[in-house]
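Here's the letter readout for the chains.
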Amino acid sequence: MDTLDKLRHFLCGAKAESRLKYFFVALLLFLSNTVYAYTVTGCVSDDTGYLYTNPSGVNSPRGSWYGPAYETNAVVTSGQIGSGMYCHGTDLGNCVIRTRSRCTECTGPYDYKIGGGTDYYYEQSGQLTGYIMCPIDDYIGFLLIVVGGLGFYFLSKRNIIRPT
């Protein structure tokens with residue numbers, strides 16, 4: 001039996017309940033892989049609570065424990081966190097926010113230039129955080145259709161309701 005025959009047997013010859021079980025297993029695997037897909041990842045300042053979302057592409061020159069460096073130009077204020085696409089923050093480690101100007105909670109300056117020359121920045125410590133979308137309202141229609149369709153399917157299979 002070649003692959004095409006096996007597929008035809010699976011789709012046409014197997015019982016509907018068996019196919020439905022495979023569908024639920026595949027759906028569960030798909031959902032388990034997409035749970036940790038963050039909408040926004042950024043560095044939350046330990047001082048202000050602001051979220052900085054523009055990575056500089058380099059780590060802190062002080063060592064890997066300090067984590068990636070973020071620029072100060074893309075800011076989400078602490079009042080915006082917890083709404084829209086900034087919900088359910090998950091701590092992903094340490095990070096720093098770097099700036100060229102001296103700030104009250106900054107340390108440094110530290111030289112970011114590798115090799116010759118100098119490129120000084122001040123750093124502020126933070127927590128690398130991943131956020132997912134807040135509103136489940138966007139998915140309620142889809143969930144109602146799926147649950148209603150499954151309910152109708154099972155009720156019609158048990159002859160509780162009969163489609164006309």
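In this text the structure is predicted, and so the values were computed from the model without any measurement.

1. Examining the state of the cysteines
According to the stated counting rule, one finds 2 disulfides in the structure shown. Bridging cysteine 43 to cysteine 95, the disulfide has an S-S length of 1.9 Å. Disulfide cysteine 43 to cysteine 95: torsion about the S-S bond roughly 90°, handedness right-handed. On the criterion of sequence distance, the pair formed by cysteine 43 in strand β1 (residues 40–45) and cysteine 95 in strand β4 (residues 87–99) is long-range, its members being 52 residues apart. We note that cysteine 43, like cysteine 95, is buried. A sulfur-sulfur separation of 1.5 Å characterises the disulfide bridge that pairs cysteine 103 with cysteine 106. Between cysteine 103 and cysteine 106, the disulfide has an S-S torsion of 60° and is therefore right-handed. Its relative accessible area of 25% is what places cysteine 103 among the partly exposed residues.

2. So, the pattern of salt bridges
Going through the model one piece at a time under the given rule, you end up with 3 salt bridges. Between arginine 62 and glutamate 123 there is a salt bridge, and its shortest N-O distance comes to 2.7 Å. Residue arginine 62 is found in the loop between β2 (51–59) and β3 (68–76), and its partner glutamate 123 is found in strand β6 (residues 120–132); the two are separated by 61 residues along the sequence. Using a relative accessible area of 1% as the deciding quantity, one classes glutamate 123 as buried. For aspartate 119, the salt bridge identified is with arginine 100, shortest N-O distance 2.9 Å.

3. Considering unusual backbone geometry
Cis peptide bonds are those with omega within 30 degrees of zero, and the linkage from glycine 108 to proline 109 qualifies with 15°. Inspection of the secondary structure puts proline 109 in strand β5 (residues 107–111).

4. Notes on a nonpolar patch on the surface
On the surface, Ile140, Phe142, Leu143, Leu144 and Val146 cluster together into a nonpolar patch covering about 460 Å² of accessible area. Relative to the helices and strands, leucine 144 resides in helix α3 (residues 140–157).

5. Notes on the side chain of threonine 129
In this fold, threonine 129 is placed in strand β6. Separated by 3.1 Å, the side chain of threonine 129 and the backbone oxygen of glutamine 127 make a polar contact. Here threonine 129 is in contact with Val40, Thr41, Gly42, Val44, Gly89, Thr90 and Leu92, once residues within four sequence places are set aside.

About the criteria used
Residues numbered from 1 in each chain as written. Predicted model: local features only at pLDDT ≥ 70, side-chain atom pairs only at ≥ 80, totals over all residues. Heavy atoms only, no water. Disulfide = S-S within 2.5 Å. Helix = DSSP H or I, 4+ residues; strand = E, 2+ residues; numbered from the N terminus. Buried < 20%, exposed > 50% of the residue type's maximum accessible area, 1.4 Å probe, protein only. Salt bridge = Lys/Arg side-chain N within 4 Å of Asp/Glu carboxyl O. Patch = residues over 30% accessible without salt bridge, like charges linked within 9 Å, V, L, I, M, F, W, Y side chains within 5 Å. Areas by Shrake-Rupley, 256 points an atom, 1.4 Å probe, with all protein chains shown as cover. Polar contact = N/O pair within 3.5 Å; in protein donor to acceptor, adjacent residues only side chain to side chain. Contact = heavy atoms within 4.5 Å.

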